[in-house]
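Observations on the model geometry
Chain by chain, the residues:
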Amino acid sequence: MGKSKNSGPEERPKWDNKVQYLLTCIGFAVGIGNVWRFPYLCQIYGGGAFLIPYLIALVFEGLPLLYLELAIGQRLRKSSIGVWKSISPLLGGVGIASMIVSFLVSMFYNTIIAWVLWYFFNSFQNPLPWGQCPVNDNQTAYNTECEKSTAVNYFWYRETLNITPDIEISGSLQWWMVICLATAWSVVYICFIKGIESMGKAVYVTATFPYLVLTIFLIRALTLPGATDGLVYLFTPKWDILKTPQVWLDAATQIFFSLSVAFGGLIAFSSYNAERNDCERDALVVGITNSATSLYASIPIFSILGFKARTGFNNCLQENILTLTNHFDIADQNMTLENYNQWFDHLNLTYPGEMSNLPLRVCDLQNFLDQSASGTGLAFIVFTEAVLEMPGSQVWAILFFIMLFSLGLSSMFGNIEGILTPLRELKLVPKWVPHEVMTAIVCVISFLIGLIFTLGSGNYWVEVFNSYVGSVPLLIIAFFEIVGVIYGHGMNTFSEDIYFMTGRKPNLYWKVCWMVISPLMLLAVFIAYVALQADKYPTYPTWNPDYELFPKTEMKPYPDWVFGIIVLLIVVPIISIPLVAVYNLICCGIKRSSAKVSLNPYNNEAFEIETQESRKQSI
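Small disclaimer: the values here were computed from a predicted structure and weren't measured. Along every chain, residues carry numbers that run from 1 in the direction the sequence is written. Owing to the predicted nature of the model, reporting of local features is limited to residues with pLDDT of at least 70; listing and counting of side-chain atom pairs is limited to 80 or more, with chain, interface and lining totals taken over all residues. Derived side-chain values reflect all non-hydrogen atoms in the structure, with water molecules and hydrogen atoms excluded from consideration.

1. Overview of the packing of aromatic side chains
Only Phe, Tyr and Trp rings are paired, with Trp represented by its six-membered ring, and only when their centres lie within 6.5 Å; those with planes under 30 degrees apart are stacked, over 60 edge-to-face, the remainder tilted. Considering all chains together, one arrives at 51 aromatic pairs under this definition. Centroid distance Y119 to F155: 5.2 Å. Interplanar angle 80°. Geometry classified as edge-to-face. Separated by 36 residues along the polypeptide, Y119 in helix α6 (residues 92-122) and F155 in helix α8 (residues 151-160) bring together distant segments of the chain. Neither Y119 nor F155 differs from the other in exposure class; each is buried. Centre to centre, the rings of F217 and F400 are 6.2 Å apart; their planes meet at 80°, and the pair counts as edge-to-face. Pair noted here: F217 is in helix α11 (residues 209-222) and F400 is in helix α20 (residues 393-425), with a separation of 183 residues, a long-range link. Here a strand is any run of E in DSSP of at least two residues, a helix any run of H or I of at least four, and the numbering for each starts at the N terminus. Here's how the labels work: a residue is buried when its accessible area is under 20% of the maximum for its type, exposed when over 50%, partly exposed in between, all with a 1.4 Å probe on protein chains only.

2. Focus on the confidence of the model for the protein chain
Scored from 0 to 100, pLDDT reflects the predictor's confidence in each residue. With 93% of its residues at a pLDDT of at least 70, the protein chain reaches an overall mean of 88. Across the protein chain, element-level confidence peaks in helix α9 (residues 175-192) with a mean pLDDT of 96 and bottoms out in helix α26 (residues 605-618) with 44. Residue contacts are counted whenever heavy atoms from the two residues lie within 4.5 Å of one another. Low pLDDT, under 50, characterises residues 1-9; the predicted model gives this stretch 19 contacts beyond four residues in sequence or across chains. Counted against residues more than four places away or in other chains, residues 597-619, with its pLDDT under 50, gives 5 contacts.

3. Side note on the state of the cysteines
Cysteine sulfur atoms are paired as a disulfide whenever they come within 2.5 Å of each other. The final tally for this structure, using the stated rule, is 2 disulfides. Two residues share a disulfide in this structure: C133 and C146, whose sulfurs sit 1.9 Å from each other. Because the torsion about its S-S bond is -80°, the bridge between C133 and C146 counts as left-handed. Placement of the pair is C133 in the loop between α6 and α7 (144-148) and C146 in helix α7, with a sequence separation of 13 residues. Each member of the pair, C133 as well as C146, carries the same accessibility label: buried. The partner cysteine of C316 in its disulfide is C363, sulfur to sulfur 1.9 Å.

4. Here's the deal with the pairing of strand β2 (residues 554-557)
Only one face of β2 is covered, namely the one carrying E554 and K556; the face carrying M555 and P557 has none of its residues buried. We call two strands paired when DSSP finds no fewer than two bridges between them. Bridge count between strand β1 (residues 539-542) and β2: 4 bridges; the pairing is antiparallel. Bridge assignment links T542 to a residue of β2, and that residue is E554.

5. A look at the nonpolar core
Residues W84, F401, L404, F494 and W514 are the most contacted members of the largest nonpolar core, which totals 197 residues. When residues of this core are assigned to their parent elements, the largest contribution, 18 residues, is made by α6. We define the nonpolar core as a collection of buried residues of types Ala, Val, Leu, Ile, Met, Phe, Trp, Tyr and Cys that are connected through side-chain atoms lying within 4.5 Å of one another.

6. A closer look at the packing of α6 against α20
Fitted lines through C-alpha atoms give the axes, limited to the stretch in contact for helices. The angle between two N-to-C directions lies from 0 to 180 degrees. Remark: α6 packs on α20, axes separated minimally by 9 Å, with the N-to-C direction vectors making an angle of 160°. Taken together, the axes of α6 and α20 are roughly antiparallel relative to one another. Here the hand of the crossing between α6 and α20 comes out left-handed. Any residue that is not Ala, Val, Leu, Ile, Met, Phe, Trp, Tyr, Cys, Pro, Asp, Glu, Lys or Arg is counted as polar, Gly included; the first ten are nonpolar and the last four charged. Residue classes in the contact of α6 with α20 are distributed as 20 nonpolar, 7 polar and no charged. Our angle categories are set so that under 35 degrees counts as roughly parallel, over 145 as roughly antiparallel, 65 to 115 as roughly perpendicular, and the remainder as oblique. Handedness of each helix crossing follows the sense of rotation of the near helix against the far helix: counterclockwise by less than a right angle gives left-handed, clockwise gives right-handed.

7. Here we look at the pattern of salt bridges
Salt-bridge detection follows one rule: a side-chain nitrogen of Lys or Arg within 4 Å of a carboxyl oxygen of Asp or Glu. All chains considered together, the criterion is met by 13 salt bridges. The closest approach of N and O atoms between K194 and E436, which form a salt bridge, is 3.1 Å. Residue K194 is located in the loop between α9 and α10 (196-206), and its partner E436 is located in helix α21 (residues 435-450); the two are separated by 242 residues in the primary sequence. K194 gets classed as partly exposed once you look at its relative accessible area, which sits at 46%. The partner of R361 in a salt bridge is E319, with the nearest N and O atoms 3.2 Å apart. With a gap of 42 residues between them, R361 in the loop between α17 (352-357) and α18 (365-369) and E319 in helix α15 (residues 279-328) connect regions that are remote in the sequence. Overall, the relative accessible area of 39% leaves R361 in the partly exposed class. Connected via shared salt-bridge partners are R75, E275 and D497.

8. Comments concerning unusual backbone geometry
Following N126, the chain continues into P127 via a peptide bond in cis, with omega recorded as 0°. Relative to the helices and strands, P127 is located in the loop between α6 and α7. Look at R77: it is not a glycine, yet its phi comes out positive at around 55°. Look at R77 and you get buried, because its relative accessible area is 9%. At D329, a residue that is not glycine, the phi angle is positive and equals roughly 55°. Residue D329 is classed as exposed on the basis of its relative accessible area of 67%.

9. As for a nonpolar patch on the surface
For patch building, the residue pool is restricted to those with more than 30% relative accessible area and no salt bridge; the joining distance is 9 Å between like charges and 5 Å between nonpolar side chains (Val, Leu, Ile, Met, Phe, Trp, Tyr). The Shrake-Rupley method, run with a 1.4 Å probe sphere, supplies the accessible areas, and residue values consider only the shown protein chains as cover. Together, Y487, L508, V512, M515, V516, L520, L523 and I527 line one region of the surface with nonpolar side chains, adding up to about 750 Å² of accessible area. Tallying contributions element by element places helix α24 (residues 508-534) first for the nonpolar patch, with 7 residues. With respect to the helices and strands, L523 occurs in helix α24.

Here is the structure:
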C-alpha cells in the first residue's frame, strides 16, 4: 500500500467490465450454504428472531471484513500472499494459510457438486429413482433396509453413497461417484482454463441462473397447499431464543463463512480491478446481495417445507380416519380432513375406552414443521422427498439440482483463484509453465486426493472437512488480516489508500468497526467456538442398518486417529502464520548482526565499510 509502492505494477489481467467483476464476487460469496444452511438456522432459532443477530453480525463483522479485503486487493494488485508480504513480511504466512484453506475446501466442496451431478443425471428417470424402494435379491419383497427407512433415505445412503457403518470402515471406491467427481473437476477446469478471461464469461450464467430458478420455485411454491404454514413458521419470531448464546455464535459464523472472506479469492478478484474504483460500493453490493439472497431463497424453501409438512400432516390424519371408519363402521366420505376434529371429539366422548385402545397416531402440524434438516439432509433427503409430491416432479428436480450446481460452481471459481494466483507469486511453478497446464495440475491433484470422498466412508470425511477446515483456520486468518492492516500497516495509511481509490476517506463507522468492533467480535466468536468444541469430544452421525433404533442415525465418537487428523486439519493451514513470522524475525536478526563488524586487527571489513561511507559522503 501507500504511494511509493506499485508505481509500476506488473501487468495483470483485467475484467472486461464492472458487471463481470461483481457477478464473480457475488457468485463466490453466494453458495450452496445460502440455500441449505441459512433456512435451517432460521428454522431452529425462532424464524424471524434469528434475523436480529444475523443482521448485527453482517453490519459489524461481515461488511467491514469484506470491504477490507476488496480494498487491499485492489490497491496492491496482488494475490493474498503478495498483499500480506507487502504490508509486512511477518504476515506472509497469512496468505499461505488462505491458500491451504482454499485447497482443502475445494476438494470436499467439489465432492458436493459431484453428488449434485449424480442426482441431476438421475432426475431424468421416470419415475424418479428415489420415489420407491427396490425389490430384494430374491425378487420376493422390497429391500429390507429401504422398508425400515424410506425410499428417499435409501437412495441417498445406499444408492448414492453406499455408506459404511462408520468412518473406520473405508469401503471401496464407488465408480459412479468417481465419474461424477471427474466430471465436476473437468467442468471447473474448462471454465477456468483461461483464467478470468474464461471464468468471467462463465459467471454470466453460473451467478445469474440460480436467481431465475429461485424465482420459478418461488412462484410455484407459493401455490402449493401448506405454503402459508411454512412462511408463517419462518417469519414468526420466538424472542426467548435470543437469550441463548449459541444463536449469536451461529449467526456470527454464518455471515462470516457465507461472505467467503479469508479464503484469498476476493483479494485476488479485486486485484484485477483498476486502482481507482469504488471498492466501498462494491463491498456493500456484494455483502447485501449475499444476505438478501439467503432471505430470498428461504421463502421458496420454507414454502416447500410447509407443503411437505402439510402433506405429512394430512397423511397422518388419513391413516387415523381409515382406522376410525373401519372400527366404528362409519360410511365412506362421512369423515374427512375438514371435520376430523369434530368426529374425533364426538367419538372420544362417546367411546372413551375403545378410542384409548386404538392405534391412532398423534398428528400435530407443528411437529412436522419442526422436523429440521440442513446441508445434505435438506438437499438430498427433505427436498427430494417434497419434490415427489409436486406435479411434474422430474422438472422440479432437474431445476433444483441445476441451481445447486450453478451455485457450487461459481463458489469453486473463488476457491481455485485462491490457489492458483498465490502459487504463481510463491514462484513454486516456473513462469514458462502455461496457465492451462498449471490449472490442469491443480485440478488433477485435487481430484486424486478427493477420491477419499468417493469411498464408502466418504460422506463422513466430507463432514470432517466441512466442520473443521472452514472454521477455526478462517477465524484466525481473518483476525490477523484485520489486525495486520489496521495496527500493522496503520489506520491513517489505509485511509489514504482508500482515499486514493475512491476519492473519499472511510467514515467513522468503518474505522470503529476495523479498529475495535470487528476484531473483538472475531476474537469472541473464536473463543466461544473453541470453548464449545473443547467442552465435548467430537461425535458424528452414522448410518447403520444394524443399529437397534434404525433408521435413526447412530452417534459415535471419532476414533483417536481421526481426532488426530482433525487437529491436523485445524493446525496445518494456520501453522504457516507463526512459522513465516519467526523465519523473517530470525533473518532480520542475522542481517542486523552481520552489519555489526567487530574491530578485529586481522579483519579489514571495518575499513572497507568506512571507505565506502566516505566515498558516498564525498559524492
